[in-house]
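What follows is the residue order along each chain.
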Amino acid sequence: VIYTSGSTGKPKGVMLPHRAVVNHNMAVMRLFGLKPEDRVLQFSSISFDAAVEEIFPSLLCGSRIVLRGEDVPTGEELLALIQAHQLTVLDLPTVYWHDWERYLSESGKDLPPSLRLVVVGGEKASPAYLSTWLRRNNGRIAWLNTYGPTEAAIIATQYKPPADRDWPPEREIPIGRSIANVKAYVLDKHLQPVPIGVPGELCIGGIG
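Residues numbered from 1 in each chain as written. Predicted model: local features only at pLDDT ≥ 70, side-chain atom pairs only at ≥ 80, totals over all residues. Heavy atoms only, no water.

Participant: For the environment of Glu-70, give the residues involved together with the corresponding values.
Facilitator: Checked against the element boundaries, Glu-70 lands in the loop between strand 4 (64-67) and helix 3 (75-85). Residue classification places Glu-70 among the exposed residues on the basis of a relative accessible area of 80%. Along the primary structure Glu-70 and Arg-171 are separated by 101 residues, whereas in three dimensions their C-alpha atoms are 36 Å apart. (Helix = DSSP H or I, 4+ residues; strand = E, 2+ residues; numbered from the N terminus. Buried < 20%, exposed > 50% of the residue type's maximum accessible area, 1.4 Å probe, protein only.)

Participant: Lay out the pattern of salt bridges with the relevant residues and their values.
Facilitator: A pair can form between side chains of opposite charge whenever their charged atoms are brought close. Taken as a whole, this structure holds five salt bridges when the rule is applied. The shortest N-O distance in the salt bridge between Asp-38 and Arg-116 comes to 2.9 Å. Pair noted here: Asp-38 is in the loop between helix 1 (18-31) and strand 3 (39-42) and Arg-116 is in the loop between helix 4 (94-107) and strand 6 (117-121), with a separation of 78 residues, a long-range link. Of the residues examined, Asp-38 reaches a relative accessible area of 4% and is grouped as buried. (Salt bridge = Lys/Arg side-chain N within 4 Å of Asp/Glu carboxyl O.)

Participant: Run through the nonpolar core, naming residues and quoting values.
Facilitator: Core analysis: the largest hydrophobic core is formed by 28 residues, its most contacted members being Leu-90, Trp-100, Val-118 and Trp-133. Counting residues per element, the ones that place at least two in this core are helix 3, strand 5 (89-93), helix 4, strand 6 and helix 5 (127-137). A total of five residues in this core trace back to one element, the largest contributor, which is helix 4. When residues no more than four places from it in sequence are discounted, the contact partners of Val-118 are Leu-90, Leu-92, Trp-97, Trp-133, Ile-141, Ala-142, Trp-143 and Leu-144. Counting residues in each nonpolar core, the second largest holds 25 residues, with Ile-2, Ala-27, Ile-154 and Ala-156 among its members. (Core = buried A, V, L, I, M, F, W, Y, C linked by side-chain atoms within 4.5 Å. Contact = heavy atoms within 4.5 Å.)

Participant: If you had to explain unusual backbone geometry to someone new, which residues and values would you point to?
Facilitator: Positioned with a positive phi, Gln-86 is a non-glycine residue whose angle comes to about 50°. One can find Gln-86 in the loop between helix 3 and strand 5. The class for Gln-86 is partly exposed, based on a relative accessible area of 33%. Look at Leu-191: it is not a glycine, yet its phi comes out positive at around 60°. Inspection of the secondary structure assignment puts Leu-191 in the loop between strand 10 (182-187) and strand 11 (201-206). Residue Leu-191 is classed as exposed on the basis of its relative accessible area, which comes to 55%.

Participant: Pulling in residues and values, what's your account of the pairing of strand 3?
Facilitator: With four bridges connecting them, strand 3 and strand 4 associate as parallel partners. Residue pairing in the sheet places Arg-39 in a bridge with Arg-64 of strand 4. Taking the sense of rotation as the criterion, the β-α-β connection linking strand 3, helix 2 (residues 49-61) and strand 4 turns out right-handed. (Pairing = 2+ DSSP bridges. Right-handed = clockwise from strand over helix to strand, strands pointing away.)

Participant: Any details on empty space enclosed by the protein? Residues and values, ideally.
Facilitator: Counted under the stated rule, the structure contains one cavity of 30 Å³ or more. There is about 40 Å³ of room inside the largest cavity. Looking at the largest cavity, the residues that line it are Phe-32, Leu-34, Val-40, Glu-53, Glu-54, Pro-57, Ser-58, Val-89 and Asp-91. Those elements giving two or more residues to the lining of the largest cavity turn out to be helix 2 and strand 5. Among the elements that make up the lining of the largest cavity, the one with the highest residue count is helix 2 (four residues). Of the residues assigned to the lining of the largest cavity, the class counts are five nonpolar, one polar and three charged. (1 Å grid on protein atoms, 1.4 Å probe; cavity = no way out; pocket = protein on both sides within 12 Å on 5 of 7 lines; lining within 4 Å. Points joined across faces, edges and corners; volume = space filled by probe spheres on them. Nonpolar A, V, L, I, M, F, W, Y, C, P; charged D, E, K, R; others polar.)

These values are about where atoms sit, not about what they do.
Structural data, given as structure tokens:
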């Protein structure tokens, strides 16, 4: 049982089969390119679904997990945490990443060289913030936009923008394609697939 964020009401426990969570963990391990030498920040509350994404893929491949403490770090404190523990991977709530990106832009601080990947999810990501992020990092740090309800075993889709190109601030950021062994369908009210470009309801299937 893992818990939703509560963004649409009171957090609720969701019961998932072990194979759905194992599939997610294996897919994320490959998607994030996790290796034993990685140091992953355990940012989310232990009861929240994103904590599963931070902890278990790291354990599967022998990465080190660094706990952040009880208080949510400020932008400056997160930079110090990355530097002190030589963190390589951050998996952040999108809202927090927006605030952090704003702090980085205003302070002019550089990101520590150890950091190689930032993953966001949970809310719609801002194209304007992605534009400034890509310009600042010049392709050095990979960035992933992830999407999925807790009921679909944490994330169901992911999108990685080209790191070496500018992102137009007016262009929406896609949720991308489904992770391994998960299928994403856009269906009409009769549960029939709609053509490309036609609005519909996103339905998720597969092991997840």
